[in-house]
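# Observations on the model geometry
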Amino acid sequence: MTISAGTTSAVAPQTGAPPAHLRVREHTIEIVSDSGEGAQKCGQIFAAVSAKMGNGIWTVEIIPAEVQPPPRVPEGASGNRIRVGAGPVTNWGDQTDLVVAFNEQALLARHRVGALAPDAILLIEEMWATSQDPAIVAAWEAAMEELSTREYRIIPVPMQEQCLTLVENPRKGKNMFALGMLAYIYDRDMERIRDQIATAFRKKSEAVYDSNVSLVNLGYQWAQEHIGFRIDVPPAPIDTPLVVMNGNEAIGMGAIAAGFELCAMYPITPATSVSHYLSEVFERFGGVVHQAEDEIAAAGVAIGASYAGKVALTITSGPGLALKTEFLGLAIMTETPLVVVDVQRGGPSTGLPTKVEQSDLLAALFGQPGDAPHVIVAPATIEECFHVMITARRIAETFRAVVMVLTDANLATGVAPYPRPTLDSQWQAAPIDLAPVGDSDLPYAWEEETGLSRRIVPGQPGGMFTLTGLSHDERSKVAYSSGIHQHSSAMRSRKLAVLQSVLTPPVVYGDEEGGDLLVVGWGSTKGAIEEAVDRVRADGLKVSSLHLRFLSPLEPGIKAILQRFTKVVAVEINYSDDPDAPYITEENRRRGQMAMLLRSSTLVDVDSWTRVPGEPLRPGSIVTAIRERVLSGGAA
Amino acid sequence: MLSDPRVAVALDALAQPIAEFRAAVEGALTQASGFLDAHHASPAIRASRAAFELGEFATGRIDAGRFATLFPPLGSGDPASLAMLDRAVQTLEAVNGEASDLFVTEVTEGRKLGATIDAALARAGQAFGAIVLAELIRAGRYDAATHDRLLDPAEFRTWNRAERRFAPPLVIVLRGADLHSGALTDFADGRAKLVLVVSGPCAPAPLARCITPGTFVMQTVDGAGLDQVASFDGPAIVAMVPEGCTTFTHDPRGGAEGWQRLSIGTNAVAPKAPIDGISVWQMAEDVRLLTDLARTPFSVPARDGTGTPAIGAEDAVDRVTQWLLGQTGLQDGA
Amino acid sequence: MSLSCELLHVIQRKGSDEPYGMDSYEGARARWCAGCGDHGILTAVQRLLAAEQLVPEQTVFVSGIGCSSRFPHYLKTYGFHGIHGRALPVSTGIKLHRPELSVFTVMGDGDCTSIGAAHWIHALRYNVDLTVMMLDNAIYGLTKKQTSPTTPQGTVSNTQPRGSYLPAMNPLSVSLGVTNASFVAQTAEWVPAHLYATLRAAYQHKGTSFVRILQRCPVFTPEIFASAVRDPSQIALLVHDDGVIVPEIEKIYKTQIHHDPRDLAAARHYAESDDRIHLGVFFRDPSRPRYEETRRTTPRTPTERNTRLEEEFDKYAV
Ligand SMILES: Cc1ncc(C[n+]2csc(CCOP(=O)(O)OP(=O)(O)O)c2C)c(N)n1
Ligand SMILES: [Mg+2]
């Protein structure tokens, strides 16, 4: 550990340590504090300004475990983690290179979860070291002791003292001071910072803006005088207009762009923020967010609306998906189109409400009792969260299908820029078609070859039929005969095969011809997996990856692709038994969910490497796993 | 006169029914032109349309050409029907293209109020015809002999129940002298909403005679209360009158008795001189009628239904209805 | 959208003003047991539809699962026969999205007060304009005689063969306890004139009209309503101008209570008193807010939506 210029005195410019200008391709920065001290705002502004300057960014929130944790405890650590890159950034990366911490306990929390790089630079509020309260001083000293086990470079900063020169309550000002320091260190555009402050505090007064700007200037100045290095992550000029948001906002906007008019939901983390966003704006678009009495009712309301008109939407997470199950079966049986978004979190049961996991795949696919064929898609990026809503709605409508969209907490809360969509009104649902129904039109006029049929909507003269969840024939007459059930089951199932017939095979990332190892992933892990593949390919390993978007029906041609590789491993954020764990054998080993799916549909011996750490996968750990797989003779 | 700032106030209050009418027209237009396109389009065009509809997530993942072949255009595309549909689409496009003109009209020199309203609504009637025609063609039920006339402008008189329910709201700019309530009551049906923007010398209570139990009638100076018009599920006649006129609101939702429905803000005295063709006696009669209607009974029935029935309450409604029927010659209930 | 819907309807009927008859609404032949009270309810509903001249294609019957929930199949209107206990959310979705449709909900007692209890309570509170009929035979019919929440205490069933353990739930007092409930009535299928009049009042009320219909099941619970059917003195009619008045039955049902449906306290009193079965409108308050009205939004065309969405993107623009 290097403690710069002692723990208590003001810090003098550094000599020796890092070069005055450290030029890197990327850097990961954290701002952590007790909640309520504004670290998140600081991080958001820093990220937005970096994006505007032309850096790639990926931001994740550091969320305290409790709603209102006491001050100065590790569990209370709250803030933002921003990975800034010279090029596009597709995932949250590995470890943090520089931290600004408002107290040593928040810092400890990050240290203990292994979030920090071994040589990370830590800028820490130093006031605690000289506190009047001996308990605080003792805690500080214990923390320094614990942190000293690593090669961190600790820079104490008199944040409180400095802020007091400008404001009375520094608790509300440190975040702007920290922003100023970061602005100096990373050479951020001050004009843009001021603009961003104006936007962030637009609802507040001029005085708030002025005070924030002077705090930023103060932090900048202090850093200039006391910190002897700068870090340069070169921005690239932006040639296309970009927007920056999290995946849930992207889903909400996608829902609007797709022309949805009703979103029924029941609050559940991490899905709720979609409905928060929609509740704020949806009415301006002629839409309604209906908060139902529970997830079951939310599904029912969405089905009722869809049955009566435009395809409706329901949004949930694992526990809610479980409750919707019976209604989903009804929608599938009555061929009522519906889009269900499942923002996955850790499970089972209440599990890890705020944390990422990809363990709803099989429940989504097979959760409904009886044979219940439906479509599942998984966007892999924040941008895809937007665009997938348009495709999902269209498929639901044309195939009279339930379409589930699986995202996860990583996409939901990650913030990254993507090209601003060029809106098209053809994305939106057509008005409800109420043309009269012909005498020969039936509610399930299945086309024998495809199982497709045209639905009839209340209001269409001549179409007065009763849809039912009971097994039924083309006229929707309740039918218990085995022949009819066999046939109607085939018709509902056939639609998936037909959809698959118009899908194009997925594209291999790396080497289409084959190689030693193929990593298969789905959903939010794309960025981390591809980064890992890049790293090992740079070392000469013959490794490629394949990222699937359609999980039901699976994209065509997967088997052929898998067979071109010596080994295949599915990398996912869900649980699988470690092959070396006690009692685990080749036969009883429980594999990851995608691995199971691929094994059953391709008969290829797909291996599984999965983790459930309650955080996104790090490219570095995927690299390690890949190396093990390629080098070991096992699992092929 | 169309630049009268009160016109904007009125249009604002009518935003909801205007949006509903527009959405219906645009909806029918989208369906109809989609149908036309589908029948005229080559496979390549259909594929590109399918690609647009599927959005960018589908790019490179769904073969739009093959997708399009799964959903061939519906209905028959015989040339005669398509040609007629083309005409319907043109009508709808024309209606859709008109900005707020469709919802604002003016009683110009030498024109009568009734005729002005009729002419304005006939345009909407044409849109209704076009919508129905388009739907019939799409459903393959088009028959030239019976359906072609659907595209002719249609006067309110000929509108059916449904059309009357969907009559678009109308803002009418006029001089006080042109305001004859007899011309208005013809249109009090369905959910017709008429808002009159009146300037110049005006009788104090010209709309008093429009009051019937189910019609929302209001006179306002500054537009206060206009927001209640859009949400009223029935016919409404409102006048934005010059300063000095009576202000009142007759809201059928108020209750079963006349006095429960009618509230008078300021009751003006009738002028001493006639205004164009409106005599002093007629104007005074309007004011008396209002006062009569607003009179509360001296006893109200007790909650348990005992007590004396309200005297005059029911009478007031009956009296005005009788009287109105007498005035308008509508006893047969047309 | 309702526009072309209604316009088309007129054309479909070739402008004819020939009224709909009861037979205009006839669907598949009803398959309930002979003597089942549901038959009479179906007839009363057809009568109501004809009296109100409801347009078949603009009328939707939604049901759950149970004998009673077969209802929509036997009508020639739109129908949605869903899952057990959950007809109300589906009805709510229909009405929210298509307020111009007339929506009826048909449920059994198990459907409504047991598995669907949460939806029942919340539907009353949303007060969406629905006509809700709970066909209460005090037993699970379709699954063959299991105890339902409304089964009288002590009744022998297949799941409680030594007699049901708990006092029966009172669906009227539960409904009357829900904030924002706006219409609660009770009628009996064996008094057809009252049934019809009550359904008509329920339909005409704007808001969720909850009607509990006492319904005989001749197979599993023939005894439950038998004595009330035989002895009209066990029944008291709640009468009021703003409720239902059925002069033709006043000779038979001599106990009549003048009850103003605005009086909630009295409504609760009659709902809870078990000296007699009270039929009539217990409570009605047309001034309660209706959810679909409160949530009504102005429709936007695709072009308008995209213009506004561009403004949204501006807020997120880099
Ligand atoms: C989720 C679920 N649980 C149980 C059932 C079985 N089930 C069907 S109908 C019914 C009860 C029917 O009783 P009720 O609602 O009173 O209607 P009735 O048949 O008496 O008209 C039950 C338990 C089911 N269909 N679905
Ligand atoms: Mg029952």
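## Some details on the pairing of strand β13 (residues 313-316) of chain A
All names here are of chain A.
- Going residue by residue along β13, you find L313 and I315 tucked away on one face and T314 and T316 tucked away on the opposite face as well.
- Pairing geometry for β13 and strand β14 (residues 338-344), over four bridges, is parallel. Opposite I315, over in β14, you have V341 as the bridge partner.
- Handedness of the crossover joining β13 and β14 through helix α11 (residues 318-333) is recorded here as right-handed.

## Some thoughts on the sheet that holds strand β21 (residues 543-548) of chain A
All names here are of chain A.
- Strand order across the open sheet formed by five strands is β19-β21-β20-β23-β24, with mixed pairing between neighbours. Across the chains shown, the open sheet's two edge strands, defined by having one partner strand only, are β19 (508-509) and β24 (607-610).
- Contacts between helix α16 (residues 526-538) and the sheet are confined to β19, β20 (515-522), β21 and β23 (565-572), with β21 contributing the most and set at about 165° to the helix.

## Notes on the pattern of salt bridges
- As enumerated under the stated definition, the model contains 60 salt bridges over all chains in all.
- A salt bridge links E586 of chain A to R591 of chain A; the shortest N-O distance between them is 2.9 Å.
- Under the relative-accessibility criterion, E586 of chain A is labelled exposed at 54%.
- A salt bridge links E304 of chain C to R300 of chain C; the nearest nitrogen and oxygen atoms lie 3.9 Å apart.
- Here the salt bridges do not stand alone but share partners, grouping E26, R83, D94, E531 and R535 of chain A into one network.

## Thoughts on the environment of D274 of chain C
- Among the structural elements, D274 of chain C can be located in the loop between α9 (264-272) and β9 (277-284).
- For the pair D274 of chain C and Q234 of chain C, spaced 40 residues apart in sequence, the C-alpha to C-alpha distance is 9.9 Å.

## Things to note about the packing of aromatic side chains
- Scanning the model with the defined rule gives 25 aromatic pairs over all chains in all.
- Pairing F46 of chain A with Y186 of chain A gives two aromatic rings, centres 5.6 Å apart and planes at 70°, and the pair type is edge-to-face. Of this pair, F46 of chain A sits in helix α1 (residues 39-53) while Y186 of chain A is found in the loop between α5 (174-185) and α6 (190-200), placing the two residues 140 residues apart along the sequence. In this pair, the class of F46 of chain A matches that of Y186 of chain A, namely buried.
- Of the aromatic side chains, those joined through ring pairs into one cluster are W32, F61, F71, Y74, F104 and Y203 of chain C.
- It is K41 of chain A that lies over the ring of F201 of chain A; its NZ or CZ is 5.4 Å from the centre.
- Cation over ring: R47 of chain C sits above Y196 of chain C, and NZ or CZ is 3.6 Å from the ring centre.

## Topic: the interface of chain A and chain C
- Contacts between the two partners involve 76 residues from chain A, matched on the other side by 53 residues from chain C.
- In total, about 5600 Å² of surface goes out of reach between chain A and chain C, with carbon and sulfur atoms giving 62% of it.
- The interface formed by chain A and chain C holds five salt bridges in total.
- Linking D314 of chain C and R420 of chain A is a salt bridge whose minimum nitrogen-to-oxygen distance equals 2.9 Å.
- Between chain A and chain C we count 33 residue pairs in polar contact (both at pLDDT 80 or more) in total.
- Here the side of chain A that touches chain C is composed, by residue class, of 45 nonpolar, 20 polar and eleven charged.
- With three bridges connecting them, strand β18 (residues 466-468) of chain A and strand β2 (residues 78-81) of chain C associate as parallel partners. In the sheet register, T466 of chain A faces β2 of chain C, and the bridge partner there is G79 of chain C.

The rules behind the values
Residues numbered from 1 in each chain as written. Chains lettered and ligands numbered in written order. Predicted model: local features only at pLDDT ≥ 70, side-chain atom pairs only at ≥ 80, totals over all residues. Heavy atoms only, no water. Buried < 20%, exposed > 50% of the residue type's maximum accessible area, 1.4 Å probe, protein only. Helix = DSSP H or I, 4+ residues; strand = E, 2+ residues; numbered from the N terminus. Pairing = 2+ DSSP bridges. Right-handed = clockwise from strand over helix to strand, strands pointing away. Contact = heavy atoms within 4.5 Å. Axes fitted to C-alpha atoms, helices over the stretch in contact; angles between N-to-C directions. Salt bridge = Lys/Arg side-chain N within 4 Å of Asp/Glu carboxyl O. Phe/Tyr/Trp six-rings, centres within 6.5 Å; stacked < 30°, edge-to-face > 60°. Lys NZ or Arg CZ within 6 Å of the ring centre and 35° of its normal. Buried area = accessible area lost by both parts, 1.4 Å probe. Polar contact = N/O pair within 3.5 Å; in protein donor to acceptor, adjacent residues only side chain to side chain. Nonpolar A, V, L, I, M, F, W, Y, C, P; charged D, E, K, R; others polar.

In short, shape yes, function no, at least from these values alone.
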